[in-house]
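# Secondary and tertiary structure notes
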Amino acid sequence: GRSNLKGKYIVEVKAKSFSTYSIYYYTRKKEYTATAPALQDVELRLELGEIEEGFFNGNTQYKIYMFKRDTYEGESRDYIFSLTKRNAYFMMYVFTDLNKFKLNNQGSNELISGYTWKGGYNNEIVISKNDTNYTKTGPYYIVVSRERIREEYVNVTETFYIGVTDDKTAFLLYEGTQ
């Protein structure tokens, strides 16, 4: 197979009558099992108000996303990070410094430590504009991890949806987003 997929892609869709379509892309990164991540390990950059689908299969323990605003005009707003599980249990952590990430042993109370914020039972993290670790533009690194890897789930694809919004922006739902 081809190891370097960099390049320009042109996709053409022809229809004989009125139609609508959606084009999605997915990136696959290496399996994360035991080492601390680096910035190049970020799976996808999240955009304000958009929901992304993610999944785990095999022995992958966590995935990393990033949220960063290139420009920010106006007043500060609270950020809301949301994780919706589809068929498994996941945890969500937000880091302001990815160098503080630590993957603990499977027997530990927490699989991941060093985070700035951790999702609770509802897997929502609200970062108040008044929080001492808040920044208008970020970056924020969002780590989604499996609660634990069970042998019966190694060959099953576990799906989740992740998004970030602020206290003024609604999530955008597209056809195909469940």
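Residues numbered from 1 in each chain as written. Predicted model: local features only at pLDDT ≥ 70, side-chain atom pairs only at ≥ 80, totals over all residues. Heavy atoms only, no water.

One open sheet holds the four strands; their spatial order is β2-β11-β4-β9, and the pairing between them is antiparallel. One side of each edge strand has no neighbouring strand; the edge strands of this open sheet are β2 (51-56) and β9 (124-127). Going from strand to strand, the sheet's axes swing by 15° on average, the running direction of each strand aside. Pairing geometry for strand β4 (residues 79-85) and strand β11 (residues 158-166), over seven bridges, is antiparallel. When the bridges of β11 are listed, L83 appears paired with I162. (Pairing = 2+ DSSP bridges. Helix = DSSP H or I, 4+ residues; strand = E, 2+ residues; numbered from the N terminus. Axes fitted to C-alpha atoms, helices over the stretch in contact; angles between N-to-C directions.)

Attention now moves to the nonpolar core. In this structure, F81, I127, Y140 and I142 are the most contacted members of the largest nonpolar core, which totals 23 residues. The set of elements that each furnish at least two residues to this core consists of β1 (44-46), β3 (62-67), β4, β5 (90-95), β9, β10 (140-146) and β11. If sequence neighbours within four positions are ignored, I127 has contacts with D78, Y79, F81, V94, W117, Y134 and Y140. Core analysis: the next-biggest nonpolar cluster, separate from the first, contains 14 residues, V42, Y93, F95 and L111 among them. (Core = buried A, V, L, I, M, F, W, Y, C linked by side-chain atoms within 4.5 Å. Buried < 20%, exposed > 50% of the residue type's maximum accessible area, 1.4 Å probe, protein only. Contact = heavy atoms within 4.5 Å.)

This next bit is on the packing of aromatic side chains. Counted according to the given criterion, the structure contains 13 aromatic pairs. With a centroid separation of 5.4 Å and an interplanar angle of 25°, the aromatic rings of F56 and F90 are classed as stacked. Here the residue F56 occupies a position in strand β2, and F90 occupies one in strand β5, the gap between them amounting to 34 residues. Using a relative accessible area of 0% as the deciding quantity, one classes F56 as buried. Here the basic side chain of K63 rests over the ring of F55, its NZ or CZ set 4.7 Å away from the ring centre. Its end group placed over the ring of F56, K63 keeps NZ or CZ at 5.9 Å from the ring centre. (Phe/Tyr/Trp six-rings, centres within 6.5 Å; stacked < 30°, edge-to-face > 60°. Lys NZ or Arg CZ within 6 Å of the ring centre and 35° of its normal.)

Turning next to the pairing of β5. In terms of burial, β5 is largely enclosed, as six of its six residues are buried. Burial along β5 is two-sided: F90, M92 and V94 facing one way and M91, Y93 and F95 facing the other are all buried. Bridge analysis of β5 against β10 gives six bridges, and the strand direction is antiparallel. Among the inter-strand pairings, M92 is bridged to a residue of β10, identified as V144.

Take the sheet that holds β3 next. Read across the open sheet, the five strands follow the order β1-β3-β10-β5-β8; overall the sheet is mixed. Edge strands, defined here as strands with exactly one partner in the open sheet, are β1 and β8 (117-118).

The phi torsion of most residues other than glycine is negative, and most of the peptide bonds are trans. A cis amide bond, omega 10°, links G138 with the succeeding residue P139. Tracing the backbone shows P139 in the loop between β9 and β10.

Under the counting rule described, the total for this entry stands at three salt bridges. When the shortest N-O distance is used, the salt bridge between D166 and R77 registers 3.9 Å. Linking D166 in strand β11 with R77 in the loop between β3 and β4, this pair joins segments that are 89 residues apart in sequence. Owing to a relative accessible area of 26%, R77 belongs among the partly exposed residues under this scheme. With a closest N to O distance of 2.5 Å, R146 and E158 form a salt bridge. (Salt bridge = Lys/Arg side-chain N within 4 Å of Asp/Glu carboxyl O.)

What follows deals with the side chain of T165. In this structure, T165 sits in strand β11. A distance of 2.2 Å separates a polar side-chain atom of T165 from the backbone oxygen of T169. Aside from chain neighbours lying at most four places away, what touches T165 is L48, G49, D78, Y79, I80, A170 and F171. (Polar contact = N/O pair within 3.5 Å; in protein donor to acceptor, adjacent residues only side chain to side chain.)

With respect to the secondary-structure elements, D78 resides in the loop between β3 and β4. Here D78 occupies a buried position and makes no salt bridge, while the nearest side chain of opposite charge, K129, is found at 5.0 Å. Polar contacts involving the side chain of D78 include one to the main-chain amide nitrogen of K129, which spans 2.7 Å. (Lys, Arg positive; Asp, Glu negative; His and termini not counted.)

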